[in-house]
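A look at the structure
One letter stands for each residue in the lines below.
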Amino acid sequence: METRFFIVLPLAAALAVVARQPTQAAQMPAAGTSPVSMTLDVDASEAPMKILHAVVSMPARPGAMTLFYPKWIPGEHMASGPVWNLTGLHVFADGGELEWRRDLVEMNAFHLTVPARAKALSAKYDYVVPFNGGSFGSGASTNAKCAVINWYTVVLYPMGESPDSITVAATLKAPPGWKHGGSLDIASVKGDTIHYAETTLALLNDHPVLLGEHFRSIPLWPAASPQGEHVIDVVADSDWALQVPQARIDAYKRLVVEERGVFGGVGHYRKYHWLLTLSDNLGAFGVEHHECADDRVAENTFVDDGAEKRSSSLLSHEYFHSWNGKARRPGGLVNGGYERPMKDDLLWVYEGLTNYYGELLSARAGLISPQEWFDEIASDAMSVSNPGRAWRPLQDTADSSPFLYDAGGGWTGWRRGTDFYNEGTLIWLDADVTIRKLTNGQKTLDDFCAIFYGQDDNGNIWVRPYDADEVYQTLNKVAAYDWKGFFEKRLQSKSSDIPLGGVDNGGFRLVYTEAANIFTDPWVLDGSLNAYGSLGVHVTAEGVVDDAWPGLPAYAAGISNGMKLVAVNGRRFSVDELKRALAGSKDSKALLELIVDNAGYFTVVRVDYHGGLRYPHLERVAGVNDVLTTIAEPRR
Ligand SMILES: [Zn+2]
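Residues numbered from 1 in each chain as written. Predicted model: local features only at pLDDT ≥ 70, side-chain atom pairs only at ≥ 80, totals over all residues. Heavy atoms only, no water.

1. Considerations on the nonpolar core
Quick note on the threshold: In plain words, nonpolar cores are sets of buried Ala, Val, Leu, Ile, Met, Phe, Trp, Tyr and Cys residues tied together by side-chain atoms within 4.5 Å. Relative accessibility thresholds used throughout: buried, under 20% of the residue-type maximum; exposed, over 50%; partly exposed, between the two (1.4 Å probe, protein chains only). Here a strand is any run of E in DSSP of at least two residues, a helix any run of H or I of at least four, and the numbering for each starts at the N terminus. We call two residues in contact whenever any of their non-hydrogen atoms come within 4.5 Å of each other.
Tyr357, Trp373, Trp428, Phe448 and Phe487 are the most contacted members of the largest nonpolar core, which totals 95 residues. For this core, the element with the highest residue contribution is helix H11 (residues 422-438), accounting for seven residues. Discounting residues that sit within four places of it in the chain, tryptophan 373 has contacts with Tyr356, Glu359, Leu360, Ala363, Ile368, Leu429, Leu628, Ile631 and Ala632. Residues Phe110, Val154, Met159 and Tyr338 belong to the second largest nonpolar core, which totals 56 residues.

The following block contains the structure:
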């Protein structure tokens, strides 16, 4: 998955539950072996009201039975199954309603006592869709004009059963007249209700569905092409947002060819659909799946060149995950279900390598220029130049991701965020440049990807776990080197030095200039100011300092997380005013004077800063071979 400066708001309050009878803590039973057939009928006709209705039916198990709501969500790397939004629950069997009791430890488990005569069991419930709060699939997912239906938010299943051994026949009722997109096989459509072909629970949850009034399906490659079926399904808040320039469509066609080329032309899906949401109120992120991706960007993405470029790596990133993350998956993420914790220690491969290639492939496809790719790398470098790297090694940002994604509350630079994305880009660039140097340009990181991910071209979906040693051994097949030492040094470093070997040996150096870098802004522009390169802060349009880096000028002068800038050099705060003051600081001996509101107490803070506006860029170093431009060239 991917996101840039996606601010996560506090989660909704937990549901109040009336206790009826005490129960035991849920055990973690081994996955069952007997096949379970379920039906799941989801009514999304009230999606604009932000509520989904569902009924699930399954064979009854007389005696003690536990229903489970998916908790550990593949692709989200954490226990993000939004059970707090599960409401209106009623369970029926043998012609009557059953009492249920939530487990006191495993909150996603509901205990039942099923009558001996019962053959079938059904549960009826609602999923209330948040309008703020939550993240990824558990965040806002429906509005007046479109919806993303993630099945895992609307399903209950018998706890302990493997999602691979449960079959589900699902239906989905759309709001009147709305169209639908996705890669889930359809059996029939009757009116506004889509009947999907029976599949496993694991695959159902891996195939979200796009619904919308303003809908467009953009075919990139037909099923009969060498690439197979590739489609961008788009919903938007408006029809004007759907006007995608032909040049962009052509670039996305090239993206498919370029991206499959990295893996030797081998894919592990029957067809591939991007589910693209163009909306300013349904988040800005992507979540990967085997045969599709849930990608959400700004409404104006296709009518604004800057908006398109800022988020250009999203589609290539999530697509890359079909190989890196879905088919080949770190062993700690192959957990056999939604009930067992995920181990995220190898996200520096899963997300780091994907982040490198997502950005690179948007350049190879022509969505951005090589120069813009350099800017994106420079922005990645600035984002991980935080002071937290002095205490927290990159490995720990991966290990901690079950809570780091949603940590919130400021202090990102000192806590460190999910830096294995952007620092992963730098490290894998370093690996790519190193392979090219070791082999005199005969081999590249693409060769590693072709061996590691391009296996078994049967066009079928499979999952094969890997560990770090297999990564090192495969790299050694491409270019003999101490790859274990290479990665462990970078993963365990507590140095303030960021890993710029790929940039330096690639013929460039990281510099800061007054020229803006569009990749330092979020995908959906929110009027905020990224001033990490100058004052060491990020400031919202309203003046709230939502991240201040210890050791940098603003923090050193007394400005911390959560404080609000009220005035700049005696004038009411605005981001433009602050930018003007920063630009003027270069030629001024005066201190930058800020009035700061700290929970109702006002203070004047004087910042000794004279560096002007500072944005990161890569600058060519004469005399050193330009490897980066070579890397950015399209494969022929
Ligand atoms: Zn990702």
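Moving on from the coordinates now.
2. Description of the packing of helix H2 (residues 246-262) against helix H4 (residues 313-320)
Threshold: Each axis is a line fitted through C-alpha atoms, and for a helix only the stretch in contact is used; angles between axes span 0 to 180 degrees, taken between their N-to-C directions. By convention, the crossing between two helices is left-handed when the near helix turns anticlockwise from the far helix through less than a right angle, and right-handed when the turn is clockwise. Residue classes follow a fixed rule: Ala, Val, Leu, Ile, Met, Phe, Trp, Tyr, Cys and Pro count as nonpolar, while Asp, Glu, Lys and Arg count as charged, and any other residue, Gly among them, counts as polar.
Where H2 contacts H4, the axes come no closer than 11 Å and their chain directions differ by 35°. Handedness of the H2/H4 crossing: right-handed. In contact with Tyr252, Leu255, Val256, Glu259, Arg260 and Val262 of H2, H4 contributes Leu315, Ser316, Tyr319 and Phe320. Taken together, the residues of the contact of H2 with H4 break down into seven nonpolar, one polar and two charged.

3. Comments concerning the environment of asparagine 150
Selection rule: Here a polar contact means two N or O atoms within 3.5 Å. Within protein one must be a hydrogen donor candidate and the other an acceptor candidate, and residues neighboring in sequence count only if both atoms are side-chain atoms.
In this structure, asparagine 150 sits in the loop between strand E9 (146-149) and strand E10 (157-158). Sequence-distant contacts of asparagine 150, that is, excluding residues within four places in its chain, are made with Gly137, Pro208, His289, Asp294 and Arg296. Within polar-contact distance, the side chain of asparagine 150 engages the side chain of aspartate 294 at 3.4 Å.

4. Quick notes on the pairing of strand E27 (residues 545-548)
What counts here: Two strands qualify as a pair provided that DSSP identifies no fewer than 2 bridges between them.
In the sheet, strand E26 (residues 537-539) pairs with E27 via three bridges, with the strands oriented antiparallel. By the bridge assignment for E27, valine 537 is matched with alanine 548. Turn length for the E26-E27 hairpin, with the two strands adjacent in sequence and antiparallel, is five residues, and the turn residue glycine 543 shows positive phi of about 100°.

5. Remarks on the pattern of salt bridges
The condition is simple: Put simply, a salt bridge is a Lys or Arg side-chain nitrogen that is within 4 Å of an Asp or Glu carboxyl oxygen.
Per the stated rule, a full pass over the model turns up 30 salt bridges. With its nearest N and O atoms 2.9 Å apart, the salt bridge here joins arginine 416 to aspartate 419. Here the two residues arginine 416 and aspartate 419 agree in accessibility, since each one is buried. Where arginine 606 meets glutamate 593, a salt bridge forms, and the shortest distance between an N and an O atom there is 3.2 Å. Note that arginine 606 is positioned in strand E31 (residues 601-607) and glutamate 593 in strand E30 (residues 592-598), a separation of 13 residues in sequence. Connected through shared salt-bridge partners, Arg248, Asp305, Glu308, Lys309 and Glu372 make up one network.

6. Some words on the environment of isoleucine 368
Tracing the backbone shows isoleucine 368 in the loop between helix H6 (352-364) and helix H7 (370-383). On a C-alpha basis, the gap between isoleucine 368 and aspartate 43 in space is 40 Å, while along the polypeptide they are 325 residues apart.

7. A short note on helix H12 (residues 445-453)
Rules: Note: the arc covers the axis-to-C-beta directions of the helix.
Where H12 is concerned, the buried positions are Leu445, Asp446, Phe448, Cys449, Phe452 and Tyr453. With its buried residues spanning 155° around the axis, H12 presents them on a single face. The N-cap of H12, judged by a side-chain oxygen 3.0 Å from the amide nitrogen of aspartate 446 a few residues on, is threonine 444.

8. Looking at the packing of H6 against H12
What counts, and what does not: Comment on the angle field: the value is read as roughly parallel under 35 degrees, roughly antiparallel over 145, roughly perpendicular from 65 to 115, and oblique elsewhere.
At a minimum axis separation of 13 Å, H6 and H12 run at an interaxial angle of 120°. Between H6 and H12, the interaxial angle falls into the category oblique. Here the hand of the crossing between H6 and H12 comes out left-handed. Contacts from Leu353, Tyr356, Tyr357 and Arg364 of H6 reach H12 at Leu445, Asp446, Phe448, Cys449 and Tyr453. For the contact of H6 with H12, the per-class residue count stands at seven nonpolar, no polar and two charged.

9. Quick word on the packing of aromatic side chains
Condition: Pairing of aromatic side chains here covers Phe, Tyr and the six-membered ring of Trp, requires ring centres within 6.5 Å, and sorts the geometry by plane angle: under 30 degrees stacked, over 60 edge-to-face, intermediate tilted.
Across all of its chains, the model carries 41 aromatic pairs by this definition. With centroids separated by 4.2 Å and ring planes inclined at 10°, the aromatic side chains of phenylalanine 263 and tryptophan 323 adopt a geometry described as stacked. Placement of the pair is phenylalanine 263 in the loop between H2 and strand E19 (272-278) and tryptophan 323 in the loop between H4 and strand E22 (328-330), with a sequence separation of 60 residues. A single burial state applies to phenylalanine 263 and to tryptophan 323, both of which are buried. Ring centres of phenylalanine 486 and phenylalanine 487 lie 4.9 Å apart, and the angle between their planes is 70°; this geometry places the pair in the edge-to-face category. Each of the two residues, phenylalanine 486 as well as phenylalanine 487, counts as buried.

10. Structural notes on unusual backbone geometry
A positive phi angle, close to 75°, is found at arginine 416, a residue other than glycine. Examined against the element boundaries, arginine 416 turns out to sit in the loop between helix H10 (412-415) and H11. Of the residues examined, arginine 416 reaches a relative accessible area of 1% and is grouped as buried. The backbone of alanine 599 sits at a positive phi, close to 55°, despite the residue not being glycine. With respect to the helices and strands, alanine 599 occurs in the loop between E30 and E31.

11. Here we look at helix H14 (residues 483-492)
Those residues of H14 that sit buried are Trp483, Phe486, Phe487, Arg490 and Leu491. Down the axis of H14, the buried side of the element spans an arc of 115°, and every buried residue falls inside it. Turned more than 90 degrees from where H14 packs its buried face, Lys489 and Gln492 sit exposed.

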